[in-house]
Amino acid sequence: MSTSTAVVNPVLRVAPAAPAEAAAYFRASLVFHADASDVAAALAADGDPGFVVLDSRSTEAWDQGHIPGAVHLPTALIAEQAEQLLDKNVPVVTYCWGPGCNGATRSALALAELGYQVKEMLGGFEYWAREGFAFETWEGAGRRDADPLTAPVGAENCGC
């Protein structure tokens, strides 16, 4: 009689969640996050998108490039300035540099603790620029070609 131990690959070493648990988790994730292309599409549509975009980075970072129409409010200043710049009845979408930075998470937490409805924009300014969306700098308007690793070249959206 041979005893064999099934080798499980690293992906399935921990089994996937039950479908209902997975649905609850992914639904919750969408409550807290938006991506750059969805934010861009909402801002480009006619009319009020129903939210305000907040750049939580330093003034130096803001000057290098930011989303047109965004409110600039560094995380350290949220407690003292949010009420002058933001309406608690309008949801806020925060962003910072990119996936390697948790500044948008910290600013979202600070805003939520003050009573604001808030979402974090995944990818931050990095993915905004990499996906080819227009931005503003201290020198004026800018736009880069879409990076084919982050957005389909020549298509209006990724189809997600």
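Preceding block: the structure.
Residues numbered from 1 in each chain as written. Predicted model: local features only at pLDDT ≥ 70, side-chain atom pairs only at ≥ 80, totals over all residues. Heavy atoms only, no water.

Caption draft 1: Broad picture of the pattern of salt bridges. Enumeration according to the criterion identifies four salt bridges in this entry. As a salt-bridge pair, E83 and K88 come within 3.9 Å of each other at their nearest N and O atoms. The exposure class of E83 is exposed, given its relative accessible area of 59%. According to the relative accessible area criterion, K88 is partly exposed, its value standing at 36%. Look at the salt bridges and you will find they share partners, linking E126, R130 and D147 into a network. (Salt bridge = Lys/Arg side-chain N within 4 Å of Asp/Glu carboxyl O. Buried < 20%, exposed > 50% of the residue type's maximum accessible area, 1.4 Å probe, protein only.)

Caption draft 2: The arrangement of helix 5 (residues 103-113) in detail. Within the sequence span of helix 5, burial applies to G103, A104, S107, A108, A110 and L111. Down the axis of helix 5, the buried set is contained in an arc of 160°. They therefore lie on one face. Turning to helix 5, the residues buried within the fold contact strand 2 (52-55), helix 4 (78-85), strand 4 (92-95) and strand 5 (118-122). One or two residues past the end of helix 5 sits G115, with phi positive at roughly 100°. (Helix = DSSP H or I, 4+ residues; strand = E, 2+ residues; numbered from the N terminus. Arc of directions from axis to C-beta. Contact = heavy atoms within 4.5 Å.)

Caption draft 3: Structural detail: the environment of A112. One can find A112 in helix 5. Taking the relative accessible area as the measure of exposure, A112 reaches 42% and is therefore partly exposed. Separated by 20 residues in the primary sequence, A112 and V92 have C-alpha atoms spaced 9.6 Å apart.

Caption draft 4: Up close: the sheet that holds strand 2. Spatially, 1-5-4-2-3 is the arrangement adopted by the five strands of the open sheet, whose pairing is parallel. Taken across any chain shown, the strands that pair with only one partner, and hence form the sheet edges, are strand 1 (33-35) and strand 3 (71-72). Across two bridges, strand 2 lies against strand 3 in parallel orientation. Paired with L54 across the bridge in strand 3 is V71. Here helix 5 sits on the sheet and contacts strand 2, strand 4 and strand 5; the angle it forms with strand 4, its principal contact strand, is near 150°. (Pairing = 2+ DSSP bridges. Axes fitted to C-alpha atoms, helices over the stretch in contact; angles between N-to-C directions.)

Caption draft 5: Focus on the environment of A151. Looking at the element boundaries, A151 is found in the segment after strand 7 (140-142). Here the alpha-carbon distance between A151 and E136, two residues 15 residues apart in the chain, equals 20 Å. Dropping the residues within four chain positions of it, A151 is found in contact with E131 and A146.

Caption draft 6: Highlighting the nonpolar core. With 17 residues, the main nonpolar core has V39, V53, I67, Y95, M121 and W128 as its most contacted residues. Sorting the residues of this core by element identifies helix 2 (36-44), strand 4 and helix 6 (124-130) as the ones contributing at least two each. Counting residues in hydrophobic clusters, the runner-up holds 13 residues, among them V71, A82, A108 and L111. (Core = buried A, V, L, I, M, F, W, Y, C linked by side-chain atoms within 4.5 Å.)

Caption draft 7: Structural context of the pairing of strand 2. Burial of strand 2 is two-sided: the residues V52 and L54 facing one way and the residues V53 and D55 facing the other way are all buried. Two elements, strand 2 and strand 4, share four bridges in a ladder whose sense is parallel. By the bridge assignment for strand 4, V53 is matched with V93. Crossover strand 2 to strand 3 through helix 3 (residues 59-64) is right-handed. (Right-handed = clockwise from strand over helix to strand, strands pointing away.)

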